[in-house]
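Close look at the chain arrangement
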Amino acid sequence: MIDLDVVRADTPACRDQVFLDSAGSSLPPRQVLDEVVGHLRREAEVGGYRAAAEHAEEIEAGYGLAAELLGCRPEEIAFTDSATRSWDLAFAAVPLAEGDRVLVTEVEYAGNAVGLLHRAAAVGATVEPIPSDEHGAVSVAALRDLLDERVRLVSLVHVPTNGGLVNPVREVADAAHEVGALVLLDACQSVGQLRVRMDELGVDVLSVTGRKWLRGPRGTGLLAVRESASGLLRPHLVDLHGAEWVAPQRARLRTDARVFELWEYSVADRLGLLAALRYALDLGVDAIAEAVLDRAERARAGLAALPGVTVRDLGRQRCGIVSFTVDGVPAAKVRDTLRERGVTVTVSRTTSTLLDMTHRGLDAVVRASPHYFVSPQQVDDFVAAVADLR
Ligand SMILES: *Cc1c(COP(=O)(O)O)cnc(C)c1O
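Residues numbered from 1 in each chain as written. Predicted model: local features only at pLDDT ≥ 70, side-chain atom pairs only at ≥ 80, totals over all residues. Heavy atoms only, no water.

Take the site of the ligand next. Around the ligand, the neighbouring residues are S82, A83, T84, Y109, V159, T161, D186, C188, Q189, T209, R211 and K212. Here an oxygen atom of the ligand sits 2.5 Å away from a polar atom, N or O, in the side chain of T84. A distance of 2.6 Å is found between a nitrogen atom of the ligand and a side-chain nitrogen or oxygen belonging to D186. (Near = heavy atom within 4 Å. Polar contact = N/O pair within 3.5 Å; in protein donor to acceptor, adjacent residues only side chain to side chain.)

As annotated by UniProt and renumbered to match this structure, "domain: Aminotransferase class V" (unreviewed entry) occupies residues 18-382. Taken end to end, residues 18-382 is 40% helix and 18% strand, and its first and last C-alpha atoms sit 7 Å apart. (UniProt positions renumbered as here; feature names shortened; annotations may be inferred. Helix = DSSP H or I, 4+ residues; strand = E, 2+ residues; numbered from the N terminus.)

Let us now look at the pattern of salt bridges. In this structure the tally under the stated criterion is 30 salt bridges. The salt bridge involving R252 is made with E244; its shortest N-O contact spans 3.6 Å. For R252, a relative accessible area of 44% gives the class partly exposed. For R341, the salt bridge is made with D388, and the minimal N-O distance between the two is 2.6 Å. Taken together, the positions of R341 in the loop between helix 14 (331-340) and strand 13 (343-344) and D388 in the segment after helix 16 (376-387) put the pair 47 residues apart, joining distant regions of the chain. In this structure R341 comes out as partly exposed when scored by relative accessible area, which is 45%. On the basis of relative accessibility, which here comes to 53%, the residue D388 falls in the exposed class. Linked by salt bridges that have partners in common, R195, R197, D199, E200 and D286 make up one network. (Salt bridge = Lys/Arg side-chain N within 4 Å of Asp/Glu carboxyl O. Buried < 20%, exposed > 50% of the residue type's maximum accessible area, 1.4 Å probe, protein only.)

Moving on, we come to the packing of helix 13 (residues 285-304) against helix 16. Interhelical geometry of helix 13 versus helix 16 gives an angle of 25° and a closest axis separation of 9 Å. With respect to each other, helix 13 and helix 16 are oriented roughly parallel. Here the hand of the crossing between helix 13 and helix 16 comes out right-handed. Between helix 13 and helix 16, the residues in contact are R295, R298, A299, G302 and L303 and P376, V379, D380, F382, V383 and V386, respectively. By residue class, the composition of the contact of helix 13 with helix 16 is seven nonpolar, one polar and three charged. (Axes fitted to C-alpha atoms, helices over the stretch in contact; angles between N-to-C directions. Parallel < 35°, antiparallel > 145°, perpendicular 65-115°, else oblique. Left-handed = near helix turned anticlockwise from the far one by under 90°. Contact = heavy atoms within 4.5 Å. Nonpolar A, V, L, I, M, F, W, Y, C, P; charged D, E, K, R; others polar.)

Structural data, given as structure tokens:
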């Protein structure tokens, strides 16, 4: 069980407002803020190299922390600056030739899709959506019908940016592996709110951001690549951190996931992300998941009972993202009116998840994403504010 008083005391801003945007950019706990600000101060005192050297052990231990959270080995972890960077680095390393196929889910994220379409067009590969089942989750049966040996990659979004759906992962990974396809899991909206372990899910590659459910600083992300898959990948962007210049005509690449990292990065932000990882691990992933689901289900039940309000979340298994529309009130107007009442929500538009939104005939939904630090009373206040809209 999470001690609500403690986590709220660590997040002072959550008392003055109903903050429901952890799927966008969460409120970091003071432990994260202190690391980042403290390190920037230290850099100003002794220079960035000495300041980093003082944290060498902690930075090295960070790979173990991330591995513990993600159910893989420290050698399978790379730190990046966003989920999209992680996804793109991994995708660019997947060999792709003319006639190859890439399968995506209907809730594919625009940031992934544009990179995918851009490269597929350049090499003559195809990008094909896997139909969803009657509940809106990716259909494993439909996937099996699509799979053949030309499928190189299945891009699977675990939790979409625009709603509370949780896609099945293990079944998709097992089916994809039968034809030798790689599985790249966009875990940007799941890590930090759900239990996401590579050893249980069976995916080859996984991408995460720091600022959302993990409550880390902006400009941070994680890439995890299973050792079993790393031999199939051809990293495109390497520097003197990911490789060594061993002879005038030869560079030797690292064999672990750090081949995907660059030498330069924000040490302050890294330390902040590590503080966020420690914070999540200390609370316990299962306790976090339980508390987040509790808030989200409370919000969904409250909203569903309001006339003229429609909860838009797909799937049978759901998580901490709550999406809804209000009859006759545009999503942006809902967001702006709620903000005046001290409630922070965001709007998710067609352009972020084109296939899914078009399929459902939606142009925008309001997205409320309560983390564990939101009190049940605040969830009720949010529902009451929505009720007042009409
Ligand atoms: C936010 C989001 C991303 C992108 O994360 P960045 O850190 O902004 O690159 C990717 N996938 C999903 C599902 C997202 O919601």
